[in-house]
Amino acid sequence: MHDKVKEDFPIDWEADQYVCRREFLKFMTLASGGLAVGSVSIAALSRLRRSGAQPAAVFVCTSDELRTTGWREFFYPGTEDPCIVVQLKSGKVAAYSRRCTHLSCPVLWQAKNDRFYCPCHNGAFSAEDGSVLQGPPPRPLTRVILDIRGGEIWAVGIESER
Amino acid sequence: MKERNRQKSQVVAAMQLFNFILLVLQMWLFVGSLENALRGDFGMALPSAAASVLILGVNIWILLGVFRLEREP
Ligand code: FES
């Protein structure tokens, strides 16, 4: 009985495996296409970023206001992007994004050390150039370009990656 | 005929292996450039996209090779 079935419905395993392999190859080529599209999208995004103009200038505060408090929070370039402008001991004014480059906790200003401190994992950044002084942050803080216009401090751009 | 099929199957298996290696390489490129992009570094994006498209081209060429093989007697 069993042999009869085999005779009536012969299975060519080689042919069967061949079809499976061919189908799998098709699927892998499709996956390869997906990855290529993904990579090209990232590259296109990078182009857009590079050619994109700086966001519109935003008024931060006056120099007098900054002198009295030593620091001030503002939002730039969007209303959801917290930034901080500080006056260093040297008198220099600098502004950075408040987002820690580790896991985005807001950094705190420590005037006596001229540095920003991130309480989440003990990270610290120099206020001079935003570079990492300690802790897990992998990159410096993003710097905001300032323009002082007759006693008024304006945020005019974001410094591109260093 | 059976012998011919066995040969074809082996050739497809070899192509599949090669295709797989390229796919792993492509994944590595994609993840690398994505990680860098999320970190704000887009320097690797363009070369890796070019390499990825090249690999896709090779993979398509391999697949077409299999179709060509099928048309053969
Ligand atoms: S989030 Fe700032 S150190 Fe981890």
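Residues numbered from 1 in each chain as written. Chains lettered and ligands numbered in written order. Predicted model: local features only at pLDDT ≥ 70, side-chain atom pairs only at ≥ 80, totals over all residues. Heavy atoms only, no water.

(A) Structural view of the side chain of T101 of chain A. All names here are of chain A. Here T101 lies in the loop between β4 (93–97) and β5 (108–110). On the accessibility criterion, T101 (9% relative accessible area) is buried. In this structure the side chain of T101 is engaged in a polar contact, spanning 2.6 Å, whose partner is the backbone oxygen of R139. Filtering out sequence-adjacent residues up to four positions away, T101 remains in contact with F125, P137, P138, R139, P140 and L141. (Helix = DSSP H or I, 4+ residues; strand = E, 2+ residues; numbered from the N terminus. Buried < 20%, exposed > 50% of the residue type's maximum accessible area, 1.4 Å probe, protein only. Polar contact = N/O pair within 3.5 Å; in protein donor to acceptor, adjacent residues only side chain to side chain. Contact = heavy atoms within 4.5 Å.)

(B) Examining the nonpolar core more closely. Residue and element names in this part refer to chain A. Membership of the largest hydrophobic core comes to 14 residues, with the highest contact counts inside it found for V86, V107, W109, F116, F125 and L141. Mapped by element, the contributors of at least two residues to this core are β3 (82–87), β4 and β6 (115–118). Excluding its chain neighbours within four sequence positions, the residues that come into contact with V107 are S97, R98, C100, F116, Y117, C118, F125 and L141. Grouped together as the second largest cluster of nonpolar side chains are eleven residues, C61, V85, V144 and A155 included. (Core = buried A, V, L, I, M, F, W, Y, C linked by side-chain atoms within 4.5 Å.)

(C) Quick peek at the side chain of N19 of chain B. For N19 of chain B, the location among the structural elements is in helix α1 (residues 2–38). N19 of chain B gets classed as buried once you look at its relative accessible area, which sits at 0%. The residues touching N19 of chain B, leaving out its near neighbours within four places in the chain, are L25, M28 and T29 of chain A together with N59 and I62 of chain B.

(D) Looking closely at the sheet that holds strand β8 (residues 132–134) of chain A. All names here are of chain A. Across the sheet, four strands lie side by side as β5-β6-β7-β8; this open sheet has antiparallel pairing. The two strands at the open ends of the sheet, each matched to only one other strand, are β5 and β8. Taking the axes of each pair of neighbouring strands and ignoring which way they run, one obtains an average angle of 35° across the sheet. (Pairing = 2+ DSSP bridges. Axes fitted to C-alpha atoms, helices over the stretch in contact; angles between N-to-C directions.)

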